[in-house]
Amino acid sequence: MPTQPAIAATAQGLPDTRKTALVNLRCCEGLHLQWHEEPNLDLGALLSGKTGVGVLRYWRALAPHLDAPVALSPDQWRLLSALTVEGMALEIQEDTLEQALQGLLAHSLVRYAEPDAQDHGDTLAEHWWWPLAAVMHRMGRWQGVDSTHAAVQAEVLDMTAMVARHGPAPQPAPFDSTTLQPMPDVPPDRFDQLLAQRTTCRNFDTSRALPALLLGQMLQRTFAAHGHVQVANGPMLLKRNVPSGGGLHPIDAYLLVRHVDGVAPGLYRYAPLEHALQPLPEPPAGLQAFALQALSQQHWFADAHVLVMLVANFPRSFWKYRRHAKAYRVAILDAGHLSQLLYLAATQAGLGAFVTAAINEIDIEQALDLHPLADSPLAVCGFGWRSGLMTTTEFDPAAVLWQALSPGEQGQDRTD
Ligand SMILES: Cc1cc2nc3c(=O)[nH]c(=O)nc-3n(C[C@H](O)[C@H](O)[C@H](O)COP(=O)(O)O)c2cc1C
């Protein structure tokens, strides 16, 4: 739904002063209305012998400033409609209007504008978001989620149970073997060997520290700027070992150092031009609890010697790509490029690495003191020494990495 600048205050039966106030009422930026249906168990009906299973249907409001959708009463829906549809009569009594209005004001879905106030226009960075992406980003964030518990509940560990639950999985579209054109098979070289060893690590060796030199090498290869251009009064363009939409590199690396020789455990922000770590305050929960919280309790990753939170600084990209339908996607792709490079740099150094998007973004933002529409984590990576014992399953079907292990040593403790 578009955000309109003013209401046609034709509310029937309202005193003139009330109508005047309504004229200055505005919808919030980026308001979307969504029709919502959910199953509803009516205990009363159940007790009286009926099935008790019904459906709740209602409109709800989504907006970039909200962390969760807001259910709208019919009166609130009518009020929002009157605000946004030119000339629409507002058929509502004053007392019910007041109640509806207070609810909308409490969630900042509407606000009173100063008469003759200038619009912020494009000066506020949060207005540079493409509104659908802003809503998607904001509402897709987690807080306090235990993805391991939820996944076990949903039986996702057991693929056979999943097939029973969901039906057959989609298969790739078949190829026509009569027209398939074979491609040259090139003998593997050292780069292929490196690629073949890249395996998501879920088993870290907590008994030995990572040398600071290896941390430095990992950061230098993955996140450092190897060149830059500062446009006068404009953006800073970085040269990294990965591509980035517009060369803007909106992804910053925030580190949780767990076990590195000569670097105190704690939170840091990596400075890509200086190749240095900026210490940050310790999270109130403590480092171990925060690691688990950030990773939605995926304990197989929490032991990594270094965790790297890939935090997008959206204004850096959206200043150029204003209200651009592709800009958020580009930020996510940037994070993907960085994580792949981190995997390869780790593999080359004899380390294990991982990436996950099953993260509690809100908990991370709170620990790092970030605002979700300005700086927000898109994924968490990590790296460190591999353990020689596979307690949690890894995907290495050709046994390139784990061939020395007997099957009895391979565990199953994972839920993604
Ligand atoms: C974007 C992304 C998100 C992922 N999230 C998780 C996760 O939440 N938990 C996990 O154990 N592995 C996660 N993985 C790792 C995948 O499970 C892994 O890549 C896949 O099983 C293939 O194994 P491989 O990386 O060893 O080839 C993720 C990978 C990617 C690229």
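Before reading on, note that the structure itself is shown above.
The notes below deal with the structure included here.

Definitions and cut-offs
- Residues numbered from 1 in each chain as written.
- Predicted model: local features only at pLDDT ≥ 70, side-chain atom pairs only at ≥ 80, totals over all residues.
- Heavy atoms only, no water.
- Axes fitted to C-alpha atoms, helices over the stretch in contact; angles between N-to-C directions.
- Helix = DSSP H or I, 4+ residues; strand = E, 2+ residues; numbered from the N terminus.
- Left-handed = near helix turned anticlockwise from the far one by under 90°.
- Contact = heavy atoms within 4.5 Å.
- Nonpolar A, V, L, I, M, F, W, Y, C, P; charged D, E, K, R; others polar.
- Pairing = 2+ DSSP bridges.
- Buried < 20%, exposed > 50% of the residue type's maximum accessible area, 1.4 Å probe, protein only.
- Salt bridge = Lys/Arg side-chain N within 4 Å of Asp/Glu carboxyl O.
- Disulfide = S-S within 2.5 Å.

### A word on the packing of helix H9 (residues 212-222) against helix H13 (residues 327-348)
Then comes step 1: Running from N to C, H9 and H13 cross one another at 140°; their axes reach a closest spacing of 9 Å. For the pair H9 and H13, the crossing hand works out as right-handed. Along the contact surface, H9 presents Gln-217, Met-218, Arg-221 and Thr-222, while H13 presents Leu-338, Leu-341, Leu-342, Ala-345, Ala-346 and Gln-348.
Then comes step 2: Taken together, the residues of the contact of H9 with H13 sort by class into six nonpolar, three polar and one charged.

### Description of the sheet that holds strand S9 (residues 266-271)
Then comes step 1: The strand order across the open sheet formed by six strands is S10-S9-S8-S11-S13-S12, and the pairing between neighbours is antiparallel. One side of each edge strand has no neighbouring strand; the edge strands of this open sheet are strand S10 (276-280) and strand S12 (352-356). Across the sheet, the axes of successive neighbouring strands diverge by a mean angle of 30°, strand direction being ignored.
Then comes step 2: Examined bridge by bridge, strand S11 (residues 306-313) and strand S13 (residues 375-384) share eight bridges and lie antiparallel to one another. Directly across from Val-311, in S13, lies its bridge partner Pro-377.
Then comes step 3: Against the sheet, H13 makes contact with strand S8 (251-257), S11, S12 and S13, and its axis sits at roughly 10° relative to S13, the strand it touches most.
Then comes step 4: Against the sheet, helix H14 (residues 361-368) touches S8, S9, S10, S11 and S13, its axis set at about 90° to S13.

### Observations concerning helix H3 (residues 74-84)
Then comes step 1: What H3 keeps buried is the set Gln-76, Leu-79, Leu-80, Ser-81, Ala-82, Leu-83 and Thr-84.
Then comes step 2: Structurally, H3 contributes buried residues whose contacts are with strand S1 (25-27), strand S2 (32-41), strand S4 (70-71), helix H4 (94-106) and strand S5 (110-112).

### Some thoughts on the pattern of salt bridges
Then comes step 1: This structure, assessed with the given rule, holds ten salt bridges.
Then comes step 2: The residue Arg-208 makes a salt bridge to Asp-205 at a minimum N-O spacing of 3.6 Å.
Then comes step 3: Across the pair Arg-269 and Asp-252 runs a salt bridge whose closest N-O atoms are separated by 3.5 Å. Placement of Arg-269 in strand S9 and of Asp-252 in strand S8 is noted, with a sequence separation of 17 residues between them.
Then comes step 4: Accessibility expressed as a relative area gives 35% for Arg-269, which makes it partly exposed.
Then comes step 5: Three or more residues are tied together by salt bridges with common partners; here these are Asp-67, Arg-138, Arg-141 and Glu-365.

### Some remarks on the state of the cysteines
Then comes step 1: Using the criterion set out here, one finds zero disulfides in the structure.
Then comes step 2: In this structure Cys-28 is a free cysteine whose sulfur lies 6.5 Å from that of Cys-27, the closest cysteine sulfur available.
Then comes step 3: A relative accessible area of 6% means that Cys-28 is categorised as buried.
Then comes step 4: The cysteine Cys-381 is free of any disulfide, with Cys-201 supplying the nearest cysteine sulfur at 13 Å.
Then comes step 5: Among the residues examined, Cys-381 registers a relative accessible area of 0% and is labelled buried.

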